Amino acid sequence: MGAKNNVTEFLLLGLFQSREMQRACFLVFSVFHVLTVLGNLLVIVTINASKTLHAPMYFFLSHLSSADTCYPSATTPKMIADTLVDRKTISFEGCMTQLFSAHFFGGTEIFLLTAMAYDRYVAICRPLHYTTIMGRRRCGLLVGASWVAGFLHSILQTLLMVQLPFCGPNEIDNFFCDVHPLLKLACADTYVVGLIVVANSGMISLVSFIILIISYVVILLSLRSRSSEGRRKALSTCGSHIITVLLVLVPPMFMYIRPSTTLAADKLVILFNIVMPPLLNPLIYTLRNSEVKSAMRKIFRVKGSSRGEVKLQGI
C-alpha cells in the first residue's frame, strides 16, 4: 500500500438527489428519530424506576434500548441535517468516527439479542434452575461481554478502514460512511480487507442468526409438553424476540455476507436496518408485555398524583 492518503473529507451523495424527496426525508426521519429516542428512553426509565421489573429479561431489555437509542443517533442526525444542504461533506475523522459508532452499537445490539435468547432458553427449558443460572453476576457478565464484543467488532472494522490509502475520488454513494463504499474508494487492492469484512460483519450476523433460530426451535419444541396457558405466554415472549431478530439480522446478512461490492438496494437496506428496529423494538417489547405496560401506568400515575399533591399543598 504505497499510495498516500490525501483525502481530508468525503462527499456523501445521500439517499435522493431530488429537493422534494430530501424535504420529505427531513420530515419523515426527523419524526422517526424523535420517536425512536423517546420510545427507547421510556423503556429505560420504566425498567429502572419500576419496583417490579427486576427479572433478567428486563435487565437485558434496558441495555437493548440503550443500544437502540445510540445506534441510529450515530448516523440519522447527520443524514437529516444533510437534507438541508446541497453539498453533503464529512471529514475523514468524522467518517471514521461514524463508522466506528454505527458498527459498535449495531454489533452490540446483535450480541444483546443473543444473550436475551439464552435467557429465554433457560427460562422456558430449565425453569427450576432459572434463578440459579441467571443470577445477577451471570446477567452482568453477558451484558458486559455484549458491549465488549461490539467494541472489538467495531474497532477491527475501523482499523481496517483507517489504514487504507484514499488518494482519488472521495464521493461516497451513501448517506453515511460504511465499509463497502469506502473499500470502493481505496487506492489499493482491498481483496483481503474485503474478506476480513465478510468474516467479521457477515459471519457475526450469520452465526448469530443461526444460533438464535436454533435456540428458538429448541424452545418451541419444548413447549409441546406445557399447558396451553404456559405455551401462550412463552409464544408471546418468543414471538417478540423472533420478530426483532429478523428485523435486526437479515439486513446485515444481505449487506456483509457477500464480496465487497455495492448494490443499488444497499442504501435502502441499511437505512431500514438503522431506522426500523430501534423504532419498533419499544413497541414490540411493550405492547406485547403486560408487565411493562402495567409498570408504565403505575409510574405515571404516581408522578401524576405527586404533582397533584404539590399543587394542593401550594393552595
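Within every chain, residues take consecutive numbers counted from 1 along the sequence as written. Totals for whole chains, interfaces and linings use every residue, but because this is a predicted model, local features are given only for residues with pLDDT of at least 70 and side-chain atom pairs only at 80 or more, for both listing and counting. Excluding hydrogens and water, the side-chain values take into account all heavy atoms of the structure.

A. How the structure looks around the side chain of Gln98. Secondary structure is summarised from DSSP: a helix means a run of H or I of at least four residues, a strand means a run of E of at least two, and numbering begins at the N terminus for each. Structurally, the position occupied by Gln98 is in helix α4 (residues 92–125). Of the polar contacts made by the side chain of Gln98, one reaches the backbone nitrogen of Cys177; its length is 2.9 Å. Excluding anything up to four places from it in sequence, Gln98 contacts Ala74, Thr75, Lys78, Ile90, Phe176 and Cys177. Here a polar contact means two N or O atoms within 3.5 Å. Within protein one must be a hydrogen donor candidate and the other an acceptor candidate, and residues neighboring in sequence count only if both atoms are side-chain atoms. Should any heavy atoms of two residues lie within 4.5 Å, those residues are counted as being in contact.

B. Fine view of the state of the cysteines. Note on disulfides: each one is a pair of cysteine sulfur atoms within 2.5 Å. If you walk through the whole model with that rule in mind, you get two disulfides. The disulfide partner of Cys95 is Cys177, and the S-S distance across this bridge is 2.0 Å. Because the torsion about its S-S bond is -125 degrees, the bridge between Cys95 and Cys177 counts as left-handed. Remark: Cys177 occurs in the loop between β3 (171–172) and α7 (179–185) and Cys95 occurs in helix α4; sequence separation between them is 82 residues. Here Cys95 matches Cys177 in class, with each residue buried. Per-residue accessibility, obtained with a 1.4 Å probe over protein chains only, is compared with the maximum for each type, and a residue is labelled buried under 20%, exposed over 50%, and partly exposed between these values.

C. Spatial organisation of the sheet that holds strand β2 (residues 89–91). Pairs of strands are assigned from DSSP output, requiring at least two bridges between the strands. Reading across the sheet, the three strands line up as β2-β1-β3 and stay open at both edges, with mixed pairing between neighbours. Edge positions in the open sheet fall to β2 and β3, since each of these has one partner strand only. Of the pairings in the sheet, the one linking strand β1 (residues 9–12) to β3 comprises two bridges and is parallel in character. Across the sheet, the residue bridging to Leu11 is Glu171, located in β3. Each of β1, β2 and β3 is contacted by α4, which is oriented at about 90 degrees to β2, the strand it contacts most. The angle between two axes is taken between their N-to-C directions and runs from 0 to 180 degrees, where each axis is a line fitted to C-alpha atoms and a helix contributes only its stretch in contact.

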